[in-house]
Amino acid sequence: MAVSAALRRLCPSPRLRLTAAAARVSFGCASAAAVAVELGRVEDTNRRIAELAAEGRVWDARRLFDGTPDRNVVAWTAMVSAYARRGMLLEARALFDRPDARRNVVTWTALLSGYAHDRRVEEAEALFERMPERNVVSWNTMLEAYAAVGRVGDACGLFDRMPVRDAGSWNILLAALVRSGRVDEAHELFQRMPGRDVMAYTTMVAGIARYGNVDDARGLFDVMPNRNVVSWNAMISGYISNRRIDEALDLFIKMPRRDIASWNIMINGFIQNKDLKRAHEFFDKMPERNVVTWTTMMNGYLQGMQSELALRLFNGMLTEGIRPNKVTFLGALDACSNLAALCEGQQVHQMICKTAFQFDTFVESALMNVYSKCGEIGLARKLFDLSTEKDLISWNGIIAAYSHRGVGIEAIRLYGKMQENGYKPNDVTYVVLLSACSRSGLVDEGLKIFESMVKDRSVEVRDEHYTSLIDLCSRAGRLDDAKRLIHYLKIKPASGSVLSALLGGCNAHGNVSISNLAARRLLEAEPDNAGTYTLLSNIYASAGKWKEAAQIRSEMNNRGLKKQPGCSWIEVANKVHVFVSRDKSHTESDLINSLVQDIHHMMRLAGTVPTNNMLVDDEMAI
């Protein structure tokens, strides 16, 4: 009797009691202590399965699990949870559904959480309704599943059905309402909350600042009983999203404690306000930087058309030992593309090949763009052909690559092949196709493509399409057709890019009458565009109408407008040399100018110098 009582105390599982009893019958000399040791060994095995699963060693845990005859509910739950956490839902469900599976409410909730995390809401719903027992964690998991996919109405209905709610329940629904822009309902829920914690206050501050009035958000922020660094960051972000950078800075200075996110928010705010100088000052002052910091600063320079500085920052990041993420690599490739820096682009490509990003379609498209901009269309095509996961982005990328190189025929051929493979063109596809036809002089083909786009009801015709169409006709010298198309399509004067394309064609073909009309309409839309004045002035000068050119220049000066100087660059010996119009800061400027003069002299001897009526004197040159 004493042995049986000991067994019951040590091993509550009926299966294990049966095993122990069988062992006692087989080995009559076995003592209660020996049986207890055996039971302890079984418990240790189940505990070890749970430990391995928690450490992420799923395969080791499964091998031990399969080799253990006496698995308890802890082991089953650990394995289902491990599979669900890793997104291996087929394996989790197969284990969960086994006839010998041992499940409790934690096991059910673990699988439910896997479906919720993977946004498989229908399967989560079906599982939730089958649950024999639910606790508040189960309800919150289902609530989070609805919130994650924007099914706020279903989340509200589930919240109302909950028999018991905790702080997490209220905060999940509150955040869901705020994310969907339903701030008034969120505020009403906030008022009903039995105990508002710092998370609830922070959610409301962020929501009101984003969708309501930032001053109301500040009022709520000021009455918060407790604030943490996330609360301060939310209020600062609110000011920045409302373009009130000075108030954001004032609050940043008053913060009792700052984290990396605080600094990143301010840097991003300065970049949004086009204040790269202060953004870099903050960047330099930061006590610690992460990948978000470096990437934000890089993208700031890219937005400011300072690709060389962006690339320099990328190199500095690598020197600091910071591992780039996908956005960082895309920024670096964008910089290489803008600079036509082939060597740097190949180095970035080599780094990407050592990461999982090498198979990302956005990264592949960016790489194709780098190679095509650097004149390596063959490498771009090879990259495309080797891609195992082609999608519409990939097809658009390779078509754009041929477009940039002016190989319109191949771009059109790829367009046909893309459709044969079941991919439907989108608005980007049509922009790059029309651009390819424009660069290649394929006017009739371009007009057919534009016509098919107009018939495609799934694509919205935008200014970029009209611009490409007018550029197509203008480059080919069909200026009257371009003018008629503008009138026929009823393009508004505000469509400055369209008129700029027409004006560029007039400049190339010396058509003064249409250029005058186009320029006047363009100046109505963009009265402070220095480029329009300059282009029209050069058109008059090219036609020998110096008086009209001088009048345009005078009007430009009266408005205080000045065109940004032209800029070009070249890569020599792994170094990028930048040249700005009339800039003599380069160390070899005298030698370069001397060489240019020699080339000009050789051109003149060869009879390839432009005629006088196409020249603009130094006074008029920009």
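Source: prediction; values computed, not measured.

1. Re the overall build of the protein
Then, in step 1: For the protein, the count of helices and strands is 35 helices and 2 strands.
Then, in step 2: Long-range pairs, those at least 24 residues apart, make up 57% of the contacts in the protein with a sequence separation of at least 6.
Then, in step 3: Total accessible area on the protein is roughly 32,900 Å²; 53% of this is exposed by carbon and sulfur atoms.

2. Section: the packing of helix H5 (residues 73–85) against helix H6 (residues 89–96)
Then, in step 1: Where H5 meets H6, the axes come as close as 7 Å, and the angle between the chain directions of the two elements is 160°. One finds that H5 runs roughly antiparallel with respect to H6. The two elements H5 and H6 cross, and the hand of that crossing is left-handed. Of H6, the residues touching H5 (which contributes Trp-76, Met-79, Val-80, Tyr-83 and Ala-84) are Leu-89, Glu-91, Ala-92, Leu-95 and Phe-96.
Then, in step 2: Each residue belonging to the contact of H5 with H6 can be placed in one class, and the counts come to 9 nonpolar, no polar and 1 charged.

3. Notes on the UniProt feature "repeat: PPR" (unreviewed entry) in the protein
Then, in step 1: Annotation from UniProt places "repeat: PPR" (unreviewed entry) at residues 104–138, 166–200, 228–262, 290–324, 391–425, 426–460 and 529–563.
Then, in step 2: Note that residues 166–200 is 74% helix and 0% strand, and that its end C-alpha atoms are spaced 13 Å apart.

4. Thoughts on the packing of aromatic side chains
Then, in step 1: Tallied over the entire structure, the rule returns 17 aromatic pairs.
Then, in step 2: Centre to centre, the rings of Phe-283 and Trp-294 are 5.0 Å apart; their planes meet at 85°, and the pair counts as edge-to-face. Of this pair, Phe-283 sits in helix H18 (residues 276–285) while Trp-294 sits in helix H19 (residues 291–303), and the two are 11 residues apart along the sequence. Summarising the burial analysis for this pair, Phe-283 and Trp-294 share the class buried.
Then, in step 3: Clustering of aromatic rings is evident, with ring pairs tying together Phe-252, Trp-263, Phe-270 and Phe-282.
Then, in step 4: Note that Arg-103 overlies the ring of Phe-96, its terminal NZ or CZ placed 4.8 Å from the centroid.

5. Things to note about the side chain of Thr-293
Then, in step 1: Relative to the helices and strands, Thr-293 resides in helix H19.
Then, in step 2: Here the side chain of Thr-293 touches Asn-264 through a polar contact of 2.7 Å, side chain to side chain.
Then, in step 3: Among the polar contacts made by the side chain of Thr-293, one reaches the side chain of Asn-290 at a distance of 2.8 Å.
Then, in step 4: Setting aside residues no more than four positions away along its own chain, Thr-293 makes contact with Ile-260, Asn-264, Ile-267, Phe-283 and Met-286.

6. Concerning the confidence of the model for the protein
Then, in step 1: The share of residues in the protein with pLDDT of 70 or more is 86%, and the mean pLDDT across the chain is 82.
Then, in step 2: Highest mean pLDDT in the protein belongs to H19 (95); lowest belongs to helix H1 (residues 2–10) (34).
Then, in step 3: Contacts of residues 1–39 to residues separated by more than four positions or lying in other chains number 24 contacts, the stretch itself having pLDDT below 50.
Then, in step 4: Per-residue pLDDT stays below 50 along residues 611–622; that stretch engages in 22 contacts with residues further than four places along the chain or on separate chains.

7. Some words on the packing of helix H11 (residues 167–179) against helix H13 (residues 198–211)
Then, in step 1: Two numbers describe how H11 lies on H13: the axes approach to 10 Å, and their chain directions differ by 5°. Taken as axis vectors, H11 and H13 run roughly parallel relative to one another. Contacts between H11 and H13 involve Asn-171, Leu-174, Ala-175, Val-178 and Arg-179 from the first element and Met-199, Ala-200, Thr-203, Met-204, Gly-207 and Tyr-211 from the second.

8. Observations regarding the environment of Ile-570
Then, in step 1: Structurally, the position occupied by Ile-570 is in strand S1 (residues 567–572).
Then, in step 2: We classify Ile-570 as partly exposed; its relative accessible area is 46%.

9. A word on the state of the cysteines
Then, in step 1: Summed over the entire model, instances satisfying the criterion amount to 0 disulfides.
Then, in step 2: In this structure Cys-374 is not part of a disulfide, and its nearest cysteine sulfur, from Cys-336, lies 7.6 Å away.

10. Observations regarding the nonpolar core
Then, in step 1: In this structure, Met-142, Met-204, Ile-236, Met-266, Ile-398, Ile-399 and Leu-502 are the most contacted members of the largest nonpolar core, which totals 171 residues.
Then, in step 2: In terms of residue count, H5 provides more of this core than any other element does, 8 residues in total.
Then, in step 3: Those residues in contact with Leu-502, other than ones at most four positions away along the chain, are Ile-470, Ser-474, Leu-479, Ala-482, Ile-486, Ile-514 and Ala-518.

11. Points about the side chain of Ser-474
Then, in step 1: Position of Ser-474 among the secondary structure elements: in helix H29 (residues 463–475).
Then, in step 2: Sequence-distant contacts of Ser-474, defined by excluding residues within four places in its chain, comprise Leu-479, Ala-482, Ala-501, Leu-502, Gly-505 and His-509.

12. Considering the pattern of salt bridges
Close approach of charged atoms allows side chains with opposite charge to pair.
Then, in step 1: Under the criterion given, the structure shown has 33 salt bridges.
Then, in step 2: For Asp-66, the salt bridge is made with Arg-62, and the minimal N-O distance between the two is 3.0 Å. Within this pair, Asp-66 and its partner Arg-62 are both found in helix H4 (residues 58–66), separated by 4 residues, close to a single helical turn.
Then, in step 3: Between Asp-154 and Arg-151 there is a salt bridge whose closest N-O contact spans 2.7 Å.
Then, in step 4: For Asp-154, a relative accessible area of 35% corresponds to the partly exposed category.
Then, in step 5: What you see here is one network of salt bridges that share partners, running through Glu-55, Arg-57, Asp-60 and Arg-63.

13. Observations concerning a nonpolar patch on the surface
Then, in step 1: On the surface, Leu-595, Ile-599, Met-602 and Met-603 cluster together to form a nonpolar patch covering roughly 370 Å² of accessible area.
Then, in step 2: Considering the arrangement of structural elements, one finds Leu-595 in helix H35 (residues 589–606).

14. Topic: helix H20 (residues 307–319)
Then, in step 1: Counted at 1.5 Å a residue, the expected span for H20 with its 13 residues is 18 Å, and the 19 Å between its end C-alpha atoms agrees.
Then, in step 2: Among the residues of H20, Ser-307, Ala-310, Leu-311, Leu-313, Phe-314 and Met-317 are the ones counted as buried. For H20, the arc enclosing every buried residue in end-on projection is 155°, short of the 170-degree limit, so these residues lie on one face. Turned more than 90 degrees away from the buried face of H20 sit Arg-312 and Thr-319, all of them exposed.
Then, in step 3: In this structure, the buried side of H20 is in contact with H18, H19, helix H21 (326–339) and helix H22 (342–352).

What counts as what
- Residues numbered from 1 in each chain as written.
- Predicted model: local features only at pLDDT ≥ 70, side-chain atom pairs only at ≥ 80, totals over all residues.
- Heavy atoms only, no water.
- Helix = DSSP H or I, 4+ residues; strand = E, 2+ residues; numbered from the N terminus.
- Contact = heavy atoms within 4.5 Å.
- Areas by Shrake-Rupley, 256 points an atom, 1.4 Å probe, with all protein chains shown as cover.
- Axes fitted to C-alpha atoms, helices over the stretch in contact; angles between N-to-C directions.
- Parallel < 35°, antiparallel > 145°, perpendicular 65-115°, else oblique.
- Left-handed = near helix turned anticlockwise from the far one by under 90°.
- Nonpolar A, V, L, I, M, F, W, Y, C, P; charged D, E, K, R; others polar.
- UniProt positions renumbered as here; feature names shortened; annotations may be inferred.
- Phe/Tyr/Trp six-rings, centres within 6.5 Å; stacked < 30°, edge-to-face > 60°.
- Buried < 20%, exposed > 50% of the residue type's maximum accessible area, 1.4 Å probe, protein only.
- Lys NZ or Arg CZ within 6 Å of the ring centre and 35° of its normal.
- Polar contact = N/O pair within 3.5 Å; in protein donor to acceptor, adjacent residues only side chain to side chain.
- pLDDT = per-residue confidence, 0-100.
- Disulfide = S-S within 2.5 Å.
- Core = buried A, V, L, I, M, F, W, Y, C linked by side-chain atoms within 4.5 Å.
- Salt bridge = Lys/Arg side-chain N within 4 Å of Asp/Glu carboxyl O.
- Patch = residues over 30% accessible without salt bridge, like charges linked within 9 Å, V, L, I, M, F, W, Y side chains within 5 Å.
- Expected span 1.5 Å × (residues − 1).
- Arc of directions from axis to C-beta.

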